[in-house]
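# A closer look at the structure
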Amino acid sequence: MRFYRGVHRHYCGVDLHARTMHVCLMDHQGTILVHEGIPSEPEAFLRLIAPYREDLVVCAECIFCWYWLADLCAAHGIHFVLAHALYLKAIHGAKSKNDAVDSEKLCTLLRGGVIPQAYVYPPRLRATRDLMRRRLFFTRKRAELFCHIENTFHQYNQKKPLSAVSSAKQRAQLAAWFPDPMVRASVAADLARCTAYDLRIQALVKLIEQQARTQEPSALALLRTIPGVGRILGLTILYEIDTIERFLRVQDFSSYCRLVKPEHSSDGKRLG
């Protein structure tokens, strides 16, 4: 985990929401200069921080609506730090939690150099990455339907044909294995949704692949040369990593890929 260690004259913590945001702004000595809630609008935010723009750093938690704030700061030459939501235990584990408290804690952690830093994904490939993640969401939903169909076979002690669920051609015959019309209707409903997901997933993969050939043709071709990296995995690596230069060392990249075994030790005792 990387921590932001930058030293600035002013520090700004933003508890960001879809419609509102609570802003806490401190100087280098820790004196609170601004602590108020405003609408989540670019003009309102710029107006609030205007007197403190000199050597200012802004920090927000990595939630669904951080894109516009990061892009706004980049457009106006303001340092922006994206806080990794998973590691902000000082906020999520607190006894008292509200917008004002959260924004102040973000600002204090930023000033103290202990903000767990997440990667600010650039706008150029951001929309395609999000579409790739949407494809993964649909794939998982389809897998849930597969599991429900298989569980139905187990529930009624029926022997399912091998690879019948994963094969689109064999799926159509699965409902006929059950004599009860209600069970057949349940399996048929799952199969209909699986077919709909198949069509949507295939269309998304085709669209993403066309975009990848336009945006990063050489990188995509290079990824395909790695043994074991196919069509989907290549696109996933391409759009999740963005650029390998974001990792200073090979070890950092291995840790990002969860290939480094974490060590938990205390008083000479190793845990886990």
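Residues numbered from 1 in each chain as written. Predicted model: local features only at pLDDT ≥ 70, side-chain atom pairs only at ≥ 80, totals over all residues. Heavy atoms only, no water.

### Describing the environment of Thr128
To keep it simple, the criterion reads: The numbering of helices and of strands both runs from the N terminus, where a helix is a DSSP run of H or I of at least 4 residues and a strand a run of E of at least 2. We call two residues contacting when some pair of their heavy atoms lies within 4.5 Å.
Structurally, the position occupied by Thr128 is in helix H5 (residues 123-155). Note: C-alpha distance between Thr128 and Val81 (47 residues apart in sequence) is 22 Å. Leaving out residues up to four positions away in the same chain, Thr128 has contacts with Ile208, Gln211, Gln215 and Tyr239.

### Considering the state of the cysteines
Rules: What counts as a disulfide here is a pair of cysteine sulfur atoms lying within 2.5 Å. The cut-offs for exposure are 20% and 50% of the maximum accessible area for each residue type, with area from a 1.4 Å probe on protein chains only; residues under the lower value are buried, those over the upper are exposed, and the others partly exposed.
Counted by the stated rule, this structure contains 0 disulfides. Cys62 takes part in no disulfide bond, and the closest cysteine sulfur, belonging to Cys65, lies 10 Å away. A residue is classified by how much of its surface remains accessible, and Cys62, at 33% relative accessible area, is partly exposed. The thiol of Cys194 is unpaired, and the distance to the nearest cysteine sulfur, on Cys147, comes to 10 Å.

### Concerning the layout of surface pockets
What counts, and what does not: The method works on a 1 Å grid over the protein atoms by themselves. A cavity is a set of points holding a 1.4 Å probe that cannot get out, a pocket is an open set with protein on both sides within 12 Å along at least five of seven lines, and residues with an atom within 4 Å of a point line them. Grid points are joined across faces, edges and corners, and a volume is the space filled by probe spheres set on the points. In the scheme used here, Gly and all other residues not listed as nonpolar or charged are polar, with Ala, Val, Leu, Ile, Met, Phe, Trp, Tyr, Cys and Pro taken as nonpolar and Asp, Glu, Lys and Arg as charged.
When its volume is computed, the largest pocket comes out at roughly 1000 Å³. Looking at the largest pocket, it is lined by 29 residues, and the ones nearest its centre are Met1, His84, Arg246, Tyr256 and Arg258. Going through the elements one at a time, strand E7 (115-118), H5 and helix H10 (250-256) are the ones with two or more residues in the lining of the largest pocket. Counted as a void, the second largest pocket has a volume near 240 Å³. Elements supplying a minimum of two residues to the lining of the second largest pocket: helix H8 (217-224) and helix H9 (231-241). Residue contributions to the lining of the second largest pocket peak at 3 residues, all from H9. Counted by class, the lining of the second largest pocket contains 8 nonpolar, 1 polar and 3 charged residues.

### Focus on the side chain of Arg135
The cut-off we apply is this: Positive: Lys, Arg. Negative: Asp, Glu. His and the chain ends are not part of the count. For salt bridges, the criterion is a side-chain nitrogen of Lys or Arg within 4 Å of an Asp or Glu carboxyl oxygen.
Structurally, Arg135 can be placed in helix H5. There is no salt bridge for the buried Arg135, and the closest opposite charge comes from Glu240, which lies 9.5 Å off by N-O distance. Setting aside chain neighbours within four positions, we find Arg135 in contact with Ile201, Leu204, Val205 and Ile232.

### With respect to the environment of Phe138
Tracing the chain through its elements places Phe138 in helix H5. Sequence separation of Phe138 and Tyr197 is 59 residues, and the distance between their C-alpha atoms is 6.6 Å. When sequence neighbours within four positions are dropped, the list of residues in contact with Phe138 reads Tyr197, Arg200, Ile201 and Leu204.

### What about the packing of H5 against H9?
Short version of the rule: The angle between two axes is taken between their N-to-C directions and runs from 0 to 180 degrees, where each axis is a line fitted to C-alpha atoms and a helix contributes only its stretch in contact. In these notes the angle categories are as follows: under 35 degrees is roughly parallel, over 145 is roughly antiparallel, 65 to 115 is roughly perpendicular, and the rest is oblique. Note: crossing handedness is left-handed where the near helix turns anticlockwise from the far helix by less than a right angle, and right-handed where it turns clockwise.
Packing of H5 against H9 leaves a shortest axis separation of 9 Å and a crossing angle of 140°. As far as their axial angle goes, H9 and H5 are oblique. For the crossing formed where H5 meets H9, the hand is left-handed. Of the residues in H9, those touching H5 at Leu125, Thr128, Arg129, Met132, Arg133 and Arg135 are Ile232, Leu235, Thr236, Tyr239 and Glu240. Taken together, the residues of the contact of H5 with H9 break down into 5 nonpolar, 2 polar and 4 charged.

### Looking at the pairing of strand E3 (residues 20-27)
Rule in force here: When DSSP finds two or more bridges between a pair of strands, those strands are recorded as paired.
With 7 of 8 residues buried, E3 lies mostly within the body of the structure. Where strand E2 (residues 10-16) folds back on E3, the antiparallel hairpin that results is connected by 3 residues. As defined by bridge partners, E3 adjoins strand E4 (residues 32-39) across 7 bridges and the pair is classed as antiparallel. Following the sheet pairing, His22 is matched in E4 by Gly37. Between the antiparallel neighbours E3 and E4 lie 4 residues, among them Gly30 with a positive phi of about 95°.

### Section: the nonpolar core
Just so we agree on the cut-off: Residue types Ala, Val, Leu, Ile, Met, Phe, Trp, Tyr and Cys, when buried and joined through side-chain atoms within 4.5 Å, form a set referred to as a nonpolar core.
Counting residues in hydrophobic clusters, the biggest one holds 26 residues, and the most contacted among them are Val14, Phe45, Val58, Leu69 and Phe80. It is helix H1 (residues 42-49) that provides the largest number of residues to this core, a total of 5 residues. Non-local contacts of Phe45, meaning those with residues more than four positions away in its chain, are made with Cys12, Val14, Met21, Val23, Ile38, Val58, Leu69, Leu72 and Cys73. Counting residues in hydrophobic clusters, the runner-up holds 17 residues, among them Phe138, Val183, Cys194 and Tyr197.

### A look at a nonpolar patch on the surface
Let me state the cut-off plainly: Patch criteria: residues need more than 30% relative accessible area and no salt bridge. Like-charged residues are merged within 9 Å; nonpolar side chains of Val, Leu, Ile, Met, Phe, Trp and Tyr are merged within 5 Å. Throughout, the Shrake-Rupley method with a 1.4 Å probe supplies accessible areas, and for residues the shown protein chains are the sole cover considered.
Taken together, Met1, Phe3, Leu86, Tyr87 and Val114 make up a surface patch of nonpolar side chains, about 480 Å² in accessible area. Residue position: Val114 is located in the loop between helix H4 (99-112) and E7. The class for Val114 is partly exposed, based on a relative accessible area of 38%.

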